[in-house]
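A look at the structure
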Amino acid sequence: MLNLFITSCIITCAALPLYGGQWQTTRYKDLVFTNIKVENNVLYRPNSTDNTKEKYYQIDLYQPENDTCASRPLIIWMHGGGFKFGNKKSRGTPLWSKRFAQRGYVCAAVNYRLSKEKTLSDFNALVNACSAAMEDISLAVSFFKQNHNLYGIDTSRIILAGNSAGGMIALQSVYSNATLMKHRVHPAPLSYLASSASNPLKIAAVINFWGGMFDTSWLKNARVPIVSVHGSKDRIVPFNKTDNGIYGSAIIHKNADALHIPSRLKVYEGYGHELQKRFNPLWAGKAARNRWEEAGQFAANFLYDELLEMVQ
């Protein structure tokens, strides 16, 4: 969880810059930085020995300009696309990366390997593709832990975030692991599963935008805060159904509450996937993008409230 780090950072960081004509004092909640800097195509697996294309191991790094805080939370943003399509510049990923950098976070928009299988119609292929992506995100986390001084990151405050498939990667990376994912496709004896540990990356929180889980019983494995946003009419990742093998945000939130896991859910009534009235994977209008902005602020408020609750 996000804890006393924020207190020390708020105290030690210099006065925050002018944004929108007003002085803001709530770092990590408000847009306190006007300008950000972006470093494109950073390799998080620079010495790959397999035949995977280099582009799958690239990051776009977003940081606030003139930031005096030397140790900051990192948010790793993962794009959607059903594990078949998309990249670090898809849909809302650049928007959220920029906005959270303006709030004072370091943000990394990452690529991960895409599947050649029929992930949109074959459940086992979907789970296997998510497992492969989890391996890549593990490499990205390791990269930032090794380079935390270079990027000014507190390695104990790493947050996984994503929309659709990206949200699924974030949730599974924290509450599942390689063993449990294999079990979801090829059931194994319970004694075999008992030795497996969840949240192997020691992630501090999850931002889940219209993603889902393959098994909500995995929520018992950890106690990591989850903030979710979802459209009630989502037909790609159903909000409150499990008929496609995926548990949506309503069920995740209900089970998290029952287990006393810090959780908050924002529902967009009548909206579908990507918070669109009619899901269009190729285009999103201004109204949808405004809802993405709202989703970002909702997530920022949750993270900030969790910080305050833990230091009071």
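Counting its secondary structure elements, the protein contains 9 helices and 10 strands. Counting every position in the protein, which comprises 312 residues, the buried fraction comes to 55%. Taking the contacts inside the protein whose residues are at least 6 apart along the sequence as the reference set, 73% of them involve residues at least 24 apart. Total accessible area computed for the protein in this model is approximately 14,000 Å², and 50% of it derives from carbon and sulfur atoms.

Attention now goes to the environment of Arg-264. Locating Arg-264 in the fold gives a position in strand 10 (residues 263–268). When its relative accessible area of 26% is taken as the criterion, Arg-264 is described as partly exposed. Each C-alpha atom, one on Arg-264 and one on Lys-254, is 9.8 Å from the other, the two residues being 10 residues apart in sequence. If sequence neighbours within four positions are ignored, Arg-264 has contacts with Ile-226, Val-227, Ser-228, His-253, Phe-298, Asn-301, Phe-302 and Asp-305. Polar contacts involving the side chain of Arg-264 include one to the side chain of Asp-305, which spans 3.2 Å.

The interhelical angle for the contact between helix 3 (residues 123–146) and helix 6 (residues 178–185), taken along N-to-C directions, is 170 degrees, at an axis separation of 9 Å. In terms of axis orientation, helix 3 runs roughly antiparallel to helix 6. Counted together, Phe-123, Asn-124, Val-127, Asn-128, Cys-130, Ser-131 and Met-134 of helix 3 and Met-181, Arg-184 and Val-185 of helix 6 form the full contact between these two elements. Of the residues contributing to the contact of helix 3 with helix 6, the split by class is 6 nonpolar, 3 polar and 1 charged.

Here the focus is the pattern of salt bridges. Within the structure shown, the criterion is met by 10 salt bridges. Close ionic contact of Glu-274 with Arg-91 constitutes a salt bridge, the shortest N to O distance being 4.0 Å. Here the residue Glu-274 occupies a position in the loop between strand 10 and helix 9 (286–311), and Arg-91 occupies one in the loop between strand 5 (72–78) and helix 2 (93–102), the gap between them amounting to 183 residues. Between Arg-113 and Asp-136 there is a salt bridge, and its shortest N-O distance comes to 3.0 Å. Remark: Asp-136 occurs in helix 3 and Arg-113 occurs in the loop between strand 6 (106–110) and helix 3; sequence separation between them is 23 residues. In this structure, a network of salt bridges that share partners links the residues Arg-27, Asp-67 and Arg-72.

Right, let's talk about the nonpolar core for a bit. Counting residues in each nonpolar core, the largest one holds 55 residues, and the members touching the most others are Phe-83, Phe-144 and Tyr-175. Taken together, the elements giving at least two residues each to this core come down to strand 4 (58–64), strand 5, strand 6, helix 3, strand 7 (153–163), helix 5 (165–175), helix 6 and helix 8 (249–258). For Phe-144, the residues in contact, after removing those within four places along its chain, are Ile-59, Leu-61, Leu-74, Ile-76, Ala-108, Tyr-151, Ile-153 and Thr-155. Judged by nonpolar contacts, the second largest core, of 33 residues, contains Tyr-28, Tyr-105, Ile-159 and Ala-299.

Relative to the helices and strands, Tyr-112 resides in the loop between strand 6 and helix 3. Separated by 22 residues in the primary sequence, Tyr-112 and Met-134 have C-alpha atoms spaced 8.6 Å apart. Ignoring any residue separated from it by four or fewer positions in sequence, one finds Tyr-112 in contact with Tyr-44, Tyr-56, Met-78, His-79, Gly-80, Phe-83, Ala-133, Asp-136, Ala-165, Gly-166 and Ile-169. Among the polar contacts made by the side chain of Tyr-112, one reaches the main-chain carbonyl oxygen of His-79 at a distance of 2.7 Å.

Attention shifts here to the layout of surface pockets. Within this model, the largest pocket holds a volume of roughly 540 Å³. Lining of the largest pocket is provided by 27 residues; of these, Gly-81, Gly-82, Leu-120, Ser-164 and Ile-236 occupy positions nearest its centre. Among the secondary structure elements, those contributing two or more residues to the lining of the largest pocket are helix 3 and helix 5. For the lining of the largest pocket, the class distribution of residues is 13 nonpolar, 11 polar and 3 charged.

Spatial strand order, 3-4-6-5-7-8-9-10: 8 strands in an open sheet with mixed pairing. In this open sheet, the two strands that pair with only one neighbour each are strand 3 (36–43) and strand 10. Within this sheet the neighbouring strands show an average axis-to-axis angle of 15 degrees, counted without direction. Looking at chain direction, strand 9 (residues 226–231) and strand 10 are connected through 6 bridges and run parallel. Bridge pairing in strand 10 places Val-229 opposite Lys-266. Sheet strands touched by helix 8: strand 8 (205–209), strand 9 and strand 10. Its angle to strand 10, the strand with the most contacts, is close to 155 degrees.

Each value, and the rule that gives it
Just so you know, the residues in each chain are numbered from 1, in the order the chain's sequence is written. At least 70 in pLDDT is required for a residue's local features to be given in this predicted model, at least 80 for side-chain atom pairs to be given and counted, and no such filter applies to totals for whole chains, interfaces and linings, which use all residues. Where side-chain values are given, they derive from all heavy atoms of the structure, hydrogens and water being excluded. A run of DSSP states H or I qualifies as a helix once it reaches four residues; a run of E qualifies as a strand once it reaches two. Both are numbered from the N-terminal end. For every residue, the accessible area (1.4 Å probe, protein chains only) is compared with the maximum for its type, and the residue is labelled buried under 20%, exposed over 50%, or partly exposed between those bounds. Here, two residues are considered to be in contact whenever any of their heavy atoms come within 4.5 Å of each other. The Shrake-Rupley method, run with a 1.4 Å probe, gives the accessible areas here. Residue values count only the displayed protein chains as cover. Pairs of N or O atoms within 3.5 Å make up the polar contacts considered here, provided that, within protein, one atom can donate a hydrogen while the other can accept it, and that residues adjacent in sequence are counted only when both atoms are side-chain atoms. A fitted line through C-alpha atoms serves as each axis, taken over the contacting stretch for helices, and the angle formed by two N-to-C directions is quoted from 0 to 180°. Any angle from 65 to 115 degrees is called roughly perpendicular, while one under 35 is roughly parallel, one over 145 is roughly antiparallel, and all others are oblique. Residues are sorted three ways: Asp, Glu, Lys and Arg are charged, Ala, Val, Leu, Ile, Met, Phe, Trp, Tyr, Cys and Pro are nonpolar, and all the rest, Gly among them, are polar. By definition here, a salt bridge exists when the distance from a side-chain nitrogen of Lys or Arg to a carboxyl oxygen of Asp or Glu is within 4 Å. The criterion is simple. A nonpolar core is a set of buried Ala, Val, Leu, Ile, Met, Phe, Trp, Tyr and Cys residues joined through side-chain atoms within 4.5 Å. Computed over the protein atoms alone on a 1 Å grid, cavities are sets of points where a 1.4 Å probe fits but cannot get out and pockets are open sets with protein on both sides within 12 Å along at least five of seven lines; a residue lines them when it has an atom within 4 Å of a point. Grid points are joined across faces, edges and corners, and a volume is the space filled by probe spheres set on the points. Any two strands between which DSSP finds at least two bridges are classified as paired.

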